[in-house]
Every structure is written in C-alpha cells, then in structure tokens.
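Listed here are the chains, written in short residue letters.
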Amino acid sequence: MLLVVDVGNTQTHFGTYQGEELVEHWRFASIRTSTADELGAALRNLLELRGVGLADLTGSIVSSTVPSLEPEWVEMGRRYLMHEMLAVGPSLKTGMPIRMDNPRELGADRLVNAVAAYEQLGGPCISVDFGTAVTYDVVSAKGEYLGGVITPGVEVSLDALTERGAKLPKIDLVAPRHAIGKSTVEAIRSGIVYGYAAQADGLVRRLQEELEEECDVIATGGLARLIVPHSETIDHLDNLLTLKGLKLIHERNR
C-alpha cells in the first residue's frame, strides 16, 4: 500500500493507494511544530479507523509547502514505516522539464499538480489550486512546466477583510444567492465567490493568450467546489489532483 502526503500551509491531505485505487484519504491541520513522533501517532490513529496499520504501508511520498515539516515526515517514515519516504524536490524524477528562471523556486505542490494535470488531460493545460494561496500553473503541449501565477487565497483575503474592517462580520463561506447583496453578509459572500471566479477567468484567459493556444483548465483545492461553479473558463474539478500527482511521481522513481 502506498502512502501519499500533501502538506499545505493550512491543511495536510493524505491518502493510501492499493494498486490504482485510492482506498481512503483524510485531512488534518498542518501544525508547523509537529514532530516525527506526533505525525506518526496521528497517521496511525487515522489509519486504524479504516483497519489499516503502519505495517501495511510499503511505500510513501510527501510534498510540502512547509519547510519545517518535510524533514519530520521523512523521519517519521524512517522511524515508523521502516523505509525511506520520498520527498518531492530537485532530486526526484518527475518527467516534466521546468522552464523557469530558477527551477528550485517552484513549490512542490505546484509541480505535483502540473504533473497530474498533464497526465490527466493529455495536452497543454492550466491547473488552478484554491488553497492558502491560489496558484495557476501552466504546462505546454510538450509537457513542460512554463510558470504561473500566485495570488492570495480565498480565506486569507476574507480574514484580512474582516480583521481590517472593524464593522465587517466574520462569515461562513457559502454560495451567494445574488450578485447584488441585500445585506453586509451577502455582499461579502458575493464579493468573495464571484470575485474569485472572475479573477480565475481573467487570469486564465490572459495565460491562454500568452500560451497562444487553447488549453484545458483543471481546478483543485479545498475551496475549489465553492468557486468553480461560477467560473466560465475552468473545465474540470478534481479535489484529488495532488494525491494523484504524488502517486505518479512515486511510480516514476521506483
């Protein structure tokens, strides 16, 4: 059984594959001070809820946007899984050339998403990840990573708005009923949901113009389900895109 771990700034998303099948997946908060022992205990407890033990995991791979947590996950693998956990980075084969000025700047999650998107869509594509940041990653028809865009995430913007606006309330993020908000809460919801959908459409169109060809667009991330239905340019939604990319990269390094 293969363990795939996507460590984000806010949440860690991990799952287990049995052959080609994703057996189960979970999310828990990313705590930057977590130790290898704490990660091992959390992993064991969640796996046991599905009748899986640490001994059932014969391979593993992690991508992390939190520098302090990557070595802790790798150490957890050595200590509790009894094997070397792969960590997405310059030393791993991804099958995707990186055409950036400094390829080492590219976040592991962005590269993993690009690999999965190209494999899934089979041609030039853009992956959009609605996470702590919203990232747009562009892949050419030849399967080359070309670069992309980073903007503040939905929850980051919402938190900043309510913290700096003394009279603005904190709200639950749900789809607005109308674009014209009839209350402060509805106005904020409209601004966030329709605003990020419009941002996605504007950026995707600009990226396609620079790419000089039409390409498929796929979205992932915790808040993608809220934004994608209101977008005109995003063709696909796959909340498991990063986990699929981790599995692909693990296979390419066996």
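Quick caveat: nothing in here was measured; it's all calculated off a predicted structure. (Residues numbered from 1 in each chain as written. Predicted model: local features only at pLDDT ≥ 70, side-chain atom pairs only at ≥ 80, totals over all residues. Heavy atoms only, no water.)

Some words on the environment of A198
How we decide: The way it works is that DSSP assigns letters per residue, a run of H or I at least four long becomes a helix, a run of E at least two long becomes a strand, and they are numbered from the N terminus.
Tracing the backbone through its elements, the reader meets A198 in helix α5 (residues 184–211). On a C-alpha basis, the gap between A198 and L81 in space is 45 Å, while along the polypeptide they are 117 residues apart.

Remarks on the side chain of S64
Where we set the bar: Residue burial is assigned from relative accessible area. The probe radius is 1.4 Å, only protein chains are included, and a residue is buried under 20% of its type maximum, exposed over 50%, and partly exposed in between. We define a polar contact as two N or O atoms separated by no more than 3.5 Å, with the added condition that, inside protein, one atom must be a possible hydrogen donor and the other a possible acceptor, whereas residues neighbouring each other in sequence contribute only through side-chain atom pairs. A contact between two residues is defined here by any heavy atoms of the two lying within 4.5 Å.
Relative to the assigned elements, S64 resides in strand β4 (residues 59–64). For S64, a relative accessible area of 11% translates into the label buried. Here the side chain of S64 touches V66 through a polar contact of 2.8 Å, landing on its backbone oxygen. What S64 contacts, discounting residues up to four positions off in sequence, is V7, L69, E70 and A108.

Here we look at the UniProt feature "binding site: ATP" (unreviewed entry) in the chain
Defined as follows: UniProt positions are given in the numbering used here, feature names are shortened, and annotations may be inferred rather than shown by experiment. Both cavities and pockets are sets of points on a 1 Å grid over the protein atoms alone; in a cavity a 1.4 Å probe fits but cannot get out, in a pocket the set is open with protein on both sides within 12 Å along at least five of seven lines, and lining residues sit with an atom within 4 Å of a point.
Under the local residue numbering, the UniProt record ascribes the feature "binding site: ATP" (unreviewed entry) to D6, V7, G8, N9, T10, Q11, T12, H13 and T132. The annotated residues occupy 127 residues of the chain but converge on a single region, no pair of C-alpha atoms lying more than 13.3 Å apart. In the annotated set above, the residues contributing to the lining of the largest cavity are T12. Accessibility expressed as a relative area gives 0% for V7, which makes it buried. Setting aside chain neighbours within four positions, we find V7 in contact with T12, S30, V62, S63, S64, T65, V66, L69 and W73. For N9, the location among the structural elements is in the loop between β1 (2–7) and β2 (11–18). For N9, a relative accessible area of 31% translates into the label partly exposed. Polar side-chain contacts of N9 include one of 3.1 Å to the side chain of R32.

Concerning the pattern of salt bridges
Selection criterion: Salt bridges are defined as contacts in which a side-chain nitrogen from Lys or Arg sits within 4 Å of a carboxyl oxygen from Asp or Glu.
What the rule picks out here adds up to 14 salt bridges. Its salt-bridge partner being D37, residue R79 comes within 2.7 Å of it at the nearest N-O pair. Of the two residues, R79 is situated in helix α2 (residues 70–81) and D37 in helix α1 (residues 36–48); the sequence distance between them amounts to 42 residues. Residue classification places R79 among the partly exposed positions, given a relative accessible area of 37%. A relative accessible area of 37% means that D37 is categorised as partly exposed. For E75, the salt bridge identified is with R79, shortest N-O distance 3.1 Å. Of this pair, E75 and R79 both sit in helix α2, 4 residues apart, which is roughly one turn of that helix. Residue classification places E75 among the partly exposed residues on the basis of a relative accessible area of 26%. Taken together, the shared-partner salt bridges connect D37, E75, R78, R79 and E84 into one network.

A short note on unusual backbone geometry
Backbone geometry at M82 places phi at a positive 60 degrees, although glycine is not the residue there. Mapped onto the elements of the fold, M82 is located in the loop between α2 and β5 (86–87). Unusually for a residue other than glycine, E212 sits at a positive phi of about 65 degrees. Mapped onto the elements, E212 comes out in the loop between α5 and β9 (216–220).

Quick look at the layout of surface pockets
The condition that has to hold: Grid points are joined across faces, edges and corners, and a volume is the space filled by probe spheres set on the points. Each residue is assigned to one class: nonpolar for Ala, Val, Leu, Ile, Met, Phe, Trp, Tyr, Cys and Pro, charged for Asp, Glu, Lys and Arg, and polar for all the others, Gly among them.
Here the largest pocket is characterised by a volume of approximately 630 Å³. What lines the largest pocket is a set of 29 residues, among which G8, D129, F130, G131 and T132 lie closest to the centre. Of the residues forming the lining of the largest pocket, the biggest block, 3 residues, is contributed by β2. Split into classes, the residues belonging to the lining of the largest pocket amount to 6 nonpolar, 16 polar and 7 charged. Approximately 240 Å³ is the volume found for the second largest pocket. V88, G89, P90, L92, T94, I98, P103, R104, L106, G107, A108 and L111 are the residues that line the second largest pocket. Tallied by class, residues from the lining of the second largest pocket come to 8 nonpolar, 3 polar and 1 charged.

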